[in-house]
Amino acid sequence: VGPALRSGAGLDRGQRERSDCATMNLEEVRRRQSDGFRHFVIRTSDGREFPVSHKEFVFLTARSLIVPDREGCVDVLDPAHITSLRETSSLPTG
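Note that this is a predicted model, so its numbers are computed, not measured.

Thresholds, definitions, all that
Residues numbered from 1 in each chain as written. Predicted model: local features only at pLDDT ≥ 70, side-chain atom pairs only at ≥ 80, totals over all residues. Heavy atoms only, no water. Pairing = 2+ DSSP bridges. Helix = DSSP H or I, 4+ residues; strand = E, 2+ residues; numbered from the N terminus. Axes fitted to C-alpha atoms, helices over the stretch in contact; angles between N-to-C directions. Polar contact = N/O pair within 3.5 Å; in protein donor to acceptor, adjacent residues only side chain to side chain. Contact = heavy atoms within 4.5 Å. Core = buried A, V, L, I, M, F, W, Y, C linked by side-chain atoms within 4.5 Å. Buried < 20%, exposed > 50% of the residue type's maximum accessible area, 1.4 Å probe, protein only. Salt bridge = Lys/Arg side-chain N within 4 Å of Asp/Glu carboxyl O.

Chemist: What am I meant to see in the sheet that holds strand S1 (residues 40-44) here?
Modeler: Strand-to-strand pairing in sheets goes through backbone hydrogen bonds, with the strands running parallel or antiparallel. Taken together, the three strands give an open sheet; going across it, the order is S2-S1-S6, and neighbouring strands pair in antiparallel fashion. Single-partner strands in this sheet number two, and they are strand S2 (49-52) and strand S6 (82-87). Across the sheet, the mean angle separating the axes of adjacent strands is 20° when strand polarity is ignored. Direction of pairing for S1 relative to S2: antiparallel, over a ladder of four bridges. Residue pairing across strands places isoleucine 42 opposite phenylalanine 50, the latter belonging to S2.

Chemist: I tried to follow the side chain of threonine 44 on my own but got confused; where do I start?
Modeler: Looking at where threonine 44 falls in the secondary structure, it is placed in strand S1. A polar contact of 2.5 Å, which involves the side chain of threonine 44, links it to the side chain of aspartate 46. When sequence neighbours within four positions are dropped, the list of residues in contact with threonine 44 reads Phe50, Leu77, His81, Ile82 and Thr83.

Chemist: Would you mind showing me how to read the nonpolar core here?
Modeler: Here is a general trend for soluble globular proteins: nonpolar side chains tend to be buried in one another's company. Of all hydrophobic cores here, the largest spans 13 residues; its most connected members are Val29, Ile42, Leu65 and Val67. Secondary structure elements with two or more residues in this core: helix H2 (13-34), S1, S2, strand S4 (65-68) and S6.

Chemist: Which parts of the structure should I look at to understand the sheet that holds strand S5 (residues 74-77)?
Modeler: Read across the open sheet, the three strands follow the order S3-S4-S5; overall the sheet is antiparallel. The open sheet has two edge strands with one neighbour each: strand S3 (59-60) and S5. In this sheet, S4 lies alongside S3 in antiparallel orientation, the contact comprising two bridges. Bridging from a neighbouring strand, leucine 60 pairs with leucine 65 of S4.

Chemist: Hey, could you run me through the pattern of salt bridges in this one?
Modeler: Once their charged atoms are close, side chains differing in charge can pair, the charge on each being opposite to the other. Within the structure shown, the criterion is met by eight salt bridges. Where aspartate 46 meets arginine 48, a salt bridge forms, and the shortest distance between an N and an O atom there is 2.9 Å. The exposure class of arginine 48 is partly exposed, given its relative accessible area of 41%. Of the charged contacts in the structure, one is a salt bridge between glutamate 49 and arginine 86, with a shortest N-O distance of 3.3 Å. One end of the pair, glutamate 49, is in strand S2; the other, arginine 86, is in strand S6, and 37 residues separate them in sequence. The partly exposed category is assigned to glutamate 49, whose relative accessible area is 37%. A relative accessible area of 40% means that arginine 86 is categorised as partly exposed. Among the ionic contacts, a cluster of salt bridges with common partners joins Glu28, Arg31 and Arg32.

Below you can see the structure in the form of structure tokens.
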């Protein structure tokens, strides 16, 4: 990605706002991973929830967030569609 795209140049206002939102969402997840990890749930704009029971159960790339499910498959999430991160005291195991 060139410097113009990283800085938001060439994007319309809506694209810049979605990009800024996605960056904030990824930064919040990074903070949760490194700031004394506590269980949390990721909620997306379509209402789905993705529990994160350990900091190693979420993988961040420059433009996506990857979480495994109980069956061992993964979901690749667009950070722009993350609506909330909710801390939980613990997550169900079964």
